[in-house]
Amino acid sequence: MEKINIVYLDAYPLEGIDLSPLAELGEFTDYDNTLAQDVIYRAKNADVIIVNKVLITKEIMDVLPNLKLVCVSATGVNNVDVEYAERKGIAVRNVPAYSTESVAEATLAYVLALLRNILYYDRYVKDGSYSRSGLTFHTARNISEINGKKWGIIGLGNIGRRVAEIAKVFGAEVSYHSTSGKNTKAEYPHKTLELLLEESDIITIHAPLNKDTKGLIGAPELNVMKKTAVIVNMGRGGIVVEDALAEALDQDRIAGAGLDVFENEPLSADNPLLNVKNRDKLIIAPHSGWASREARELLVEKVADNIKKFYGIM
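If you're wondering where the values come from, they're calculated on a predicted model, not measured in any experiment. (Residues numbered from 1 in each chain as written. Predicted model: local features only at pLDDT ≥ 70, side-chain atom pairs only at ≥ 80, totals over all residues. Heavy atoms only, no water.)

**Student:** Requested: an account of the pairing of strand E1 (residues 4–8), with residues and values cited.
**Tutor:** Of all the five residues making up E1, five are buried; the element is thus mostly covered by neighbouring parts of the structure. Residues of E1 alternate between two faces, with Ile-4, Ile-6 and Tyr-8 on one and Asn-5 and Val-7 on the opposite face, all of them buried. In this structure, E1 lies alongside strand E2 (residues 26–30), joined through five bridges in parallel fashion. Within E2, the residue paired with Val-7 across the bridge is Thr-29. Relative to strand E3 (residues 48–51), E1 is paired through three bridges, and the arrangement is parallel. (Buried < 20%, exposed > 50% of the residue type's maximum accessible area, 1.4 Å probe, protein only. Helix = DSSP H or I, 4+ residues; strand = E, 2+ residues; numbered from the N terminus. Pairing = 2+ DSSP bridges.)

**Student:** Explain the packing of aromatic side chains to me, and be specific about the residues and the numbers.
**Tutor:** If you walk through the whole model with that rule in mind, you get five aromatic pairs. Centre to centre, the rings of Tyr-98 and Trp-290 are 6.1 Å apart; their planes meet at 80°, and the pair counts as edge-to-face. Here Trp-290 lies in the loop between strand E11 (282–284) and helix H12 (293–311) and Tyr-98 lies in the loop between strand E5 (91–93) and helix H5 (100–115), a separation of 192 residues in the sequence. Note on accessibility: Tyr-98 and Trp-290 belong to one class, buried. Between Phe-310 and Tyr-311, the aromatic rings sit 5.1 Å apart at their centres with planes inclined by 80°, giving edge-to-face as the arrangement. The class of Phe-310 is partly exposed, set by a relative accessible area of 32%. The structure contains a cluster of three or more aromatic residues connected by ring pairs, namely Tyr-120, Tyr-121, Tyr-124 and Tyr-130. Over the ring of Tyr-31 we find Arg-42, and its NZ or CZ is 4.1 Å from the ring centre. (Phe/Tyr/Trp six-rings, centres within 6.5 Å; stacked < 30°, edge-to-face > 60°. Lys NZ or Arg CZ within 6 Å of the ring centre and 35° of its normal.)

**Student:** So what's going on with the side chain of Asp-47? Residues and values would help.
**Tutor:** Within the secondary structure, Asp-47 sits in the loop between helix H2 (39–42) and E3. Judged by relative accessible area, which is 10%, Asp-47 ranks as buried. One polar contact links the side chain of Asp-47 to the main-chain amide nitrogen of Asn-5, over a distance of 2.8 Å. In this structure, Asp-47 is in contact with Lys-3, Ile-4, Asn-5, Asn-66, Leu-67, Lys-68, Leu-69 and Tyr-311, ignoring residues within four places of it in sequence. (Polar contact = N/O pair within 3.5 Å; in protein donor to acceptor, adjacent residues only side chain to side chain. Contact = heavy atoms within 4.5 Å.)

**Student:** Mind laying out the nonpolar core, listing which residues take part and the relevant values?
**Tutor:** Leu-22, Ile-49, Ile-50, Val-51, Ile-56, Trp-151 and Ile-307 are the most contacted members of the largest nonpolar core, which has 72 residues in total. The element that contributes the greatest number of residues to this core is H5, accounting for nine residues. Beyond its immediate sequence surroundings of up to four residues, Leu-22 is in contact with Ile-6, Tyr-8, Phe-28, Ile-50, Val-300, Val-303, Ala-304 and Ile-307. Counting 27 residues, the second-largest nonpolar core is a separate cluster that includes Ile-217, Met-225, Ala-257 and Phe-262. (Core = buried A, V, L, I, M, F, W, Y, C linked by side-chain atoms within 4.5 Å.)

**Student:** Can you tell me about the sheet that holds E1, naming the residues and giving the values?
**Tutor:** An order of E2-E1-E3-E4-E5 is seen for the five strands of this open sheet, with the pairing classed as parallel. Among the strands making up the open sheet, the edge pair consists of E2 and E5. On average, each strand axis in the sheet is tilted by 15° relative to the strand beside it, whichever way the strands run. With respect to the sheet, H12 is in contact with E1, E3, strand E4 (69–72) and E5, its orientation differing from that of E4 by roughly 160°. (Axes fitted to C-alpha atoms, helices over the stretch in contact; angles between N-to-C directions.)

**Student:** Break down the sheet that holds strand E10 (residues 256–259) for me, citing the residues and quoting the values.
**Tutor:** Either a parallel or an antiparallel arrangement is found when strands of a sheet pair, and the pairing is made through backbone hydrogen bonds. Sheet architecture is open: six strands sit in the order E7-E6-E8-E9-E10-E11, paired in parallel fashion. Edge positions in the sheet fall to strand E7 (173–177) and E11, since each of these pairs with one other strand and no more. The sheet shows a mean angle of 15° between the axes of neighbouring strands, direction not considered. Direction of pairing for strand E9 (residues 230–233) relative to E10: parallel, over a ladder of four bridges. Within E10, the residue paired with Val-230 across the bridge is Gly-256. Relative to the sheet, H5 contacts strand E6 (150–154), strand E8 (202–205), E9, E10 and E11, its axis offset from that of E9 by approximately 155°. Contacting E9, E10 and E11, helix H11 (residues 242–250) runs over the sheet at an angle of about 150° to E10.

Set out below in structure tokens:
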């Protein structure tokens, strides 16, 4: 069998992960990241391109004569012109459900940290306030339990369902909202978005970004929420209107928020979320909720499986 030329154009999210399952399949080259102007040169001899966020457009496919397969090392394929690839006879394969456990656990971590005011109490000890107090206990900020809370989930896909299972184990009362309106027959109560926001103590978002979810949570929606409620977005940036969220936090209209995703990534230096007055009410991370070691190892394994299946190696 002819040796397969495989080029991974943006492997930096897999730093520290063994890529030998890919390297064993042929002539393998990986780059940390690839700028748009360098894609064609780096992939000129590729039979297989692996990408995460690098764009694979019509123009690129037209000048890569050997290209047979585009493997997206993620679930979404919006960075690839899939329709044109199909017309060219180029296969496109993604990797669904590799990070379900990682994102679900990250969601739980955010919720617990917000309900228990972990950021505040950590800072209180580290800045010396606890040592200076002379007191054994300090409970100035509210500490809440998940048990008995109403947990509303926006988007009940693989991750949303896993989060629902975890929420139930912790004693929460789970309900959900389908952003497409097509998934309304699950085992949990389905509610309108307004009712879900109005009733829930905890709201977590696990939906894709599309015409139904763009700007879904803005000022009117945040105003409907309880002042004691927290919201966590683990879906996609752009679902939550960031300046409206910053304002809601500054005006104490909600108790807290957690974001792992942003409308523009990386986060711009002038994003209003970076200037929230009460920083203890906001937990933000650089789109890392998916990236447990286990999830990234599974991702490599599944990309390798996609290549093997395409070439009939398995």
